[in-house]
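Structural features, examined
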Amino acid sequence: MISDKAVVLTSKIGEGTIVHEFAVVRKQVIIGDNVVIHPHVVIEDGVVIGDNVEVFPGTYIGKIPKGAGALARAPRFEPFVKIGDNCCIGPNAIIFCGVIIGNNTLIGDGVSIREQCRVGSYSIVGRYATINYNTQIGNRTKIMDLTHITGNSHIGDDVFVSVCVGTTNDNAIGSLKVDKDSIVGPYIDDGAAIGAGASLLPGTRIGKGAVVGAGAVVTKDVPPYAVVMGIPARVVRFLNQRGE
(Lines give C-alpha, C1' and ligand atoms only; values in the text may rest on other atoms or scores of the structure.)
Protein backbone atom coordinates (compact mmCIF):
# COMPACT_ATOMS: atom_id res chain seq x y z
CA MET A 1 0.00 0.00 0.00
CA ILE A 2 1.35 3.41 -1.00
CA SER A 3 -0.24 6.54 0.41
CA ASP A 4 -1.50 9.00 -2.17
CA LYS A 5 0.29 11.65 -0.10
CA ALA A 6 3.70 10.00 -0.55
CA VAL A 7 6.11 10.77 -3.40
CA VAL A 8 7.19 7.38 -4.74
CA LEU A 9 9.10 7.42 -8.03
CA THR A 10 10.33 3.83 -8.07
CA SER A 11 8.40 0.86 -9.34
CA LYS A 12 10.70 -1.66 -7.66
CA ILE A 13 8.68 -2.26 -4.50
CA GLY A 14 7.98 -5.73 -3.14
CA GLU A 15 4.73 -7.31 -2.06
CA GLY A 16 3.13 -6.25 1.20
CA THR A 17 5.21 -3.09 1.50
CA ILE A 18 3.62 0.03 3.01
CA VAL A 19 4.75 3.59 2.28
CA HIS A 20 3.07 6.12 4.53
CA GLU A 21 2.14 9.72 3.81
CA PHE A 22 4.80 12.37 3.15
CA ALA A 23 7.56 9.83 2.51
CA VAL A 24 9.82 10.51 -0.49
CA VAL A 25 11.27 7.55 -2.40
CA ARG A 26 13.46 8.32 -5.42
CA LYS A 27 13.38 6.53 -8.78
CA GLN A 28 16.49 4.36 -8.40
CA VAL A 29 15.46 2.72 -5.14
CA ILE A 30 14.73 -0.98 -4.61
CA ILE A 31 12.53 -2.01 -1.69
CA GLY A 32 11.85 -5.62 -0.70
CA ASP A 33 8.75 -7.38 0.59
CA ASN A 34 6.82 -6.45 3.73
CA VAL A 35 8.73 -3.25 4.35
CA VAL A 36 7.19 -0.37 6.31
CA ILE A 37 8.27 3.17 5.41
CA HIS A 38 6.84 5.61 7.96
CA PRO A 39 5.93 9.28 7.32
CA HIS A 40 8.59 11.88 6.47
CA VAL A 41 11.23 9.35 5.47
CA VAL A 42 13.51 10.32 2.53
CA ILE A 43 15.19 7.55 0.52
CA GLU A 44 17.61 8.72 -2.17
CA ASP A 45 18.70 7.03 -5.42
CA GLY A 46 20.91 3.96 -5.09
CA VAL A 47 19.34 2.63 -1.90
CA VAL A 48 18.47 -1.08 -1.68
CA ILE A 49 16.31 -2.20 1.25
CA GLY A 50 15.79 -5.88 2.03
CA ASP A 51 12.67 -7.70 3.20
CA ASN A 52 10.83 -7.08 6.48
CA VAL A 53 12.58 -3.78 7.22
CA GLU A 54 10.91 -0.97 9.16
CA VAL A 55 12.07 2.63 8.71
CA PHE A 56 10.65 5.06 11.26
CA PRO A 57 9.67 8.72 10.74
CA GLY A 58 12.19 11.40 9.86
CA THR A 59 14.93 9.05 8.69
CA TYR A 60 17.13 10.07 5.74
CA ILE A 61 18.82 7.25 3.80
CA GLY A 62 21.42 7.94 1.10
CA LYS A 63 22.60 11.37 2.18
CA ILE A 64 25.47 12.75 0.10
CA PRO A 65 28.29 14.08 2.33
CA LYS A 66 29.06 17.76 1.84
CA GLY A 67 32.34 19.28 2.93
CA ALA A 68 31.19 22.88 2.51
CA GLY A 69 34.86 23.86 2.26
CA ALA A 70 35.32 23.31 5.98
CA LEU A 71 36.46 19.69 6.11
CA ALA A 72 40.16 18.93 6.21
CA ARG A 73 39.54 15.91 3.97
CA ALA A 74 37.53 15.48 0.80
CA PRO A 75 34.61 13.06 1.41
CA ARG A 76 34.85 9.85 -0.60
CA PHE A 77 31.78 7.75 -1.24
CA GLU A 78 29.87 5.61 -3.68
CA PRO A 79 26.22 6.47 -4.41
CA PHE A 80 24.56 3.45 -2.83
CA VAL A 81 23.21 2.14 0.48
CA LYS A 82 22.35 -1.48 1.20
CA ILE A 83 20.18 -2.42 4.17
CA GLY A 84 19.74 -6.14 4.86
CA ASP A 85 16.63 -8.11 5.74
CA ASN A 86 14.77 -7.72 9.06
CA CYS A 87 16.47 -4.47 10.06
CA CYS A 88 14.88 -1.68 12.07
CA ILE A 89 15.93 1.93 11.46
CA GLY A 90 14.84 4.27 14.27
CA PRO A 91 13.35 7.75 13.95
CA ASN A 92 15.57 10.55 12.62
CA ALA A 93 18.50 8.32 11.76
CA ILE A 94 20.80 9.57 8.98
CA ILE A 95 22.57 7.02 6.81
CA PHE A 96 25.05 8.44 4.31
CA CYS A 97 26.02 7.05 0.90
CA GLY A 98 28.32 4.06 0.70
CA VAL A 99 26.94 2.30 3.80
CA ILE A 100 26.16 -1.42 4.06
CA ILE A 101 24.11 -2.78 6.96
CA GLY A 102 23.71 -6.53 7.49
CA ASN A 103 20.61 -8.52 8.35
CA ASN A 104 18.66 -8.29 11.63
CA THR A 105 20.43 -5.13 12.78
CA LEU A 106 18.90 -2.35 14.87
CA ILE A 107 19.86 1.25 14.16
CA GLY A 108 18.56 3.41 17.03
CA ASP A 109 16.86 6.78 17.14
CA GLY A 110 18.95 9.68 15.85
CA VAL A 111 21.95 7.57 14.82
CA SER A 112 24.32 9.02 12.22
CA ILE A 113 26.35 6.64 10.04
CA ARG A 114 28.80 8.33 7.69
CA GLU A 115 30.07 7.23 4.28
CA GLN A 116 32.12 4.06 3.65
CA CYS A 117 30.87 2.33 6.80
CA ARG A 118 29.92 -1.32 7.24
CA VAL A 119 27.72 -2.63 10.06
CA GLY A 120 27.35 -6.39 10.41
CA SER A 121 24.37 -8.62 11.09
CA TYR A 122 22.53 -9.00 14.43
CA SER A 123 24.20 -5.82 15.69
CA ILE A 124 22.89 -2.77 17.55
CA VAL A 125 23.83 0.88 17.18
CA GLY A 126 22.16 2.66 20.10
CA ARG A 127 20.30 5.94 20.24
CA TYR A 128 22.19 9.04 19.09
CA ALA A 129 25.42 7.15 18.56
CA THR A 130 27.61 8.48 15.75
CA ILE A 131 29.65 6.27 13.43
CA ASN A 132 32.16 8.29 11.44
CA TYR A 133 33.56 7.57 7.97
CA ASN A 134 35.29 4.36 6.81
CA THR A 135 34.49 2.36 9.94
CA GLN A 136 33.91 -1.38 10.07
CA ILE A 137 31.60 -2.91 12.69
CA GLY A 138 31.24 -6.67 12.97
CA ASN A 139 28.44 -9.10 13.66
CA ARG A 140 26.55 -9.36 16.97
CA THR A 141 28.22 -6.18 18.19
CA LYS A 142 26.47 -3.66 20.44
CA ILE A 143 27.33 0.04 20.46
CA MET A 144 25.29 1.79 23.11
CA ASP A 145 23.69 5.23 23.31
CA LEU A 146 25.61 8.49 22.81
CA THR A 147 28.87 6.80 21.87
CA HIS A 148 31.11 8.24 19.14
CA ILE A 149 33.09 5.93 16.88
CA THR A 150 35.64 8.01 15.01
CA GLY A 151 36.65 7.68 11.36
CA ASN A 152 38.96 4.87 10.22
CA SER A 153 38.06 2.61 13.14
CA HIS A 154 37.57 -1.15 13.25
CA ILE A 155 35.27 -2.99 15.64
CA GLY A 156 35.13 -6.78 15.50
CA ASP A 157 32.46 -9.38 16.17
CA ASP A 158 30.72 -9.84 19.54
CA VAL A 159 32.03 -6.54 20.89
CA PHE A 160 30.20 -4.51 23.55
CA VAL A 161 30.77 -0.74 23.65
CA SER A 162 28.91 0.93 26.50
CA VAL A 163 27.31 4.38 26.68
CA CYS A 164 29.16 7.68 26.16
CA VAL A 165 32.39 6.09 24.96
CA GLY A 166 34.68 8.44 23.04
CA THR A 167 37.16 7.45 20.34
CA THR A 168 39.63 9.65 18.47
CA ASN A 169 41.85 9.32 15.40
CA ASP A 170 44.11 12.39 15.42
CA ASN A 171 46.90 12.86 17.96
CA ALA A 172 47.47 16.40 16.70
CA ILE A 173 43.93 17.34 17.76
CA GLY A 174 43.18 18.81 14.36
CA SER A 175 46.04 21.32 14.40
CA LEU A 176 48.08 19.82 11.55
CA LYS A 177 47.41 19.06 7.90
CA VAL A 178 45.54 15.80 7.47
CA ASP A 179 47.79 12.84 6.74
CA LYS A 180 45.62 9.88 5.82
CA ASP A 181 48.23 7.45 7.12
CA SER A 182 48.22 8.97 10.60
CA ILE A 183 44.47 9.49 10.96
CA VAL A 184 43.58 6.10 12.40
CA GLY A 185 40.97 5.27 15.01
CA PRO A 186 41.06 2.42 17.51
CA TYR A 187 40.99 -1.25 16.53
CA ILE A 188 38.72 -3.23 18.86
CA ASP A 189 39.17 -6.96 18.46
CA ASP A 190 36.51 -9.67 18.72
CA GLY A 191 34.78 -10.16 22.05
CA ALA A 192 36.19 -7.05 23.74
CA ALA A 193 34.09 -4.90 26.09
CA ILE A 194 34.44 -1.15 26.65
CA GLY A 195 33.00 0.37 29.82
CA ALA A 196 30.87 3.49 30.09
CA GLY A 197 32.61 6.79 29.45
CA ALA A 198 35.94 5.29 28.43
CA SER A 199 38.18 7.13 25.94
CA LEU A 200 40.20 5.27 23.31
CA LEU A 201 43.02 7.29 21.78
CA PRO A 202 44.16 7.16 18.13
CA GLY A 203 45.58 3.93 16.79
CA THR A 204 45.19 1.96 20.01
CA ARG A 205 44.33 -1.73 19.75
CA ILE A 206 42.05 -3.44 22.22
CA GLY A 207 42.92 -7.13 22.16
CA LYS A 208 40.56 -10.04 21.81
CA GLY A 209 38.34 -10.54 24.85
CA ALA A 210 39.86 -7.58 26.71
CA VAL A 211 37.86 -5.36 29.07
CA VAL A 212 38.31 -1.60 29.40
CA GLY A 213 36.90 -0.27 32.67
CA ALA A 214 34.45 2.61 32.92
CA GLY A 215 36.07 6.03 32.55
CA ALA A 216 39.47 4.62 31.54
CA VAL A 217 41.69 6.52 29.10
CA VAL A 218 43.43 4.06 26.79
CA THR A 219 46.73 5.51 25.51
CA LYS A 220 48.42 2.28 24.38
CA ASP A 221 47.51 -1.19 23.17
CA VAL A 222 45.59 -3.49 25.51
CA PRO A 223 46.68 -7.16 25.42
CA PRO A 224 44.13 -9.89 24.70
CA TYR A 225 41.98 -10.86 27.72
CA ALA A 226 43.46 -8.07 29.84
CA VAL A 227 41.34 -5.95 32.16
CA VAL A 228 42.51 -2.33 32.20
CA MET A 229 41.39 0.56 34.39
CA GLY A 230 42.41 4.10 35.22
CA ILE A 231 43.92 7.21 33.66
CA PRO A 232 46.01 6.25 31.83
CA ALA A 233 44.64 2.73 31.61
CA ARG A 234 46.81 0.01 33.15
CA VAL A 235 46.43 -3.76 33.30
CA VAL A 236 44.96 -4.88 36.62
CA ARG A 237 44.40 -8.57 35.79
CA PHE A 238 43.85 -11.08 33.00
CA LEU A 239 40.82 -13.18 32.11
CA ASN A 240 40.79 -16.68 30.70
CA GLN A 241 39.25 -17.34 27.29
CA ARG A 242 35.87 -17.94 28.95
CA GLY A 243 35.95 -14.39 30.29
CA GLU A 244 36.47 -15.53 33.88
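Preceding this paragraph is the structure being described.
Report on the accompanying structure. Given the structure is predicted, the values throughout are model-derived calculations rather than measurements. (Residues numbered from 1 in each chain as written. Predicted model: local features only at pLDDT ≥ 70, side-chain atom pairs only at ≥ 80, totals over all residues. Heavy atoms only, no water.)

Reading across the sheet, the 12 strands line up as β2-β5-β8-β11-β14-β17-β20-β23-β26-β29-β31-β32 and stay open at both edges, with mixed pairing between neighbours. Because the sheet does not close on itself, it has two edges, and the strands there are β2 (18-19) and β32 (234-238). Where strand β14 (residues 106-107) and strand β17 (residues 124-125) come together, 2 bridges link them in parallel fashion. Residue pairing for β17: L106 is matched across the bridge by I124. (Pairing = 2+ DSSP bridges. Helix = DSSP H or I, 4+ residues; strand = E, 2+ residues; numbered from the N terminus.)

What follows covers the sheet that holds strand β16 (residues 118-119). The 9 strands are arranged β4-β7-β10-β13-β16-β19-β22-β25-β28 in an open sheet whose pairing can be described as parallel. Strand pairing shows two members of the sheet lacking a second neighbour, β4 (30-31) and β28 (205-206), which therefore form its edges. As paired strands, β4 and strand β7 (residues 47-49) are joined by 2 bridges and run parallel to one another. Residue pairing across strands places I30 opposite V48, the latter belonging to β7.

What follows covers the environment of D145. Looking at the secondary structure, you find D145 in the loop between β20 (142-143) and β21 (148-149). Residues D145 and V111 lie 34 residues apart in sequence; the distance between their C-alpha atoms is 9.0 Å. If sequence neighbours within four positions are ignored, D145 has contacts with G126, R127, V163 and C164. A distance of 2.9 Å separates a polar atom in the side chain of D145 from the backbone nitrogen of R127. (Contact = heavy atoms within 4.5 Å. Polar contact = N/O pair within 3.5 Å; in protein donor to acceptor, adjacent residues only side chain to side chain.)

Moving on, we come to the state of the cysteines. Going through the model one piece at a time under the given rule, you end up with 0 disulfides. Here C117 is not cross-linked by a disulfide; its sulfur's nearest cysteine counterpart is in C97, at 12 Å. Between C164, a cysteine without a disulfide, and C117, which holds the nearest cysteine sulfur, the sulfur-to-sulfur distance is 20 Å. (Disulfide = S-S within 2.5 Å.)

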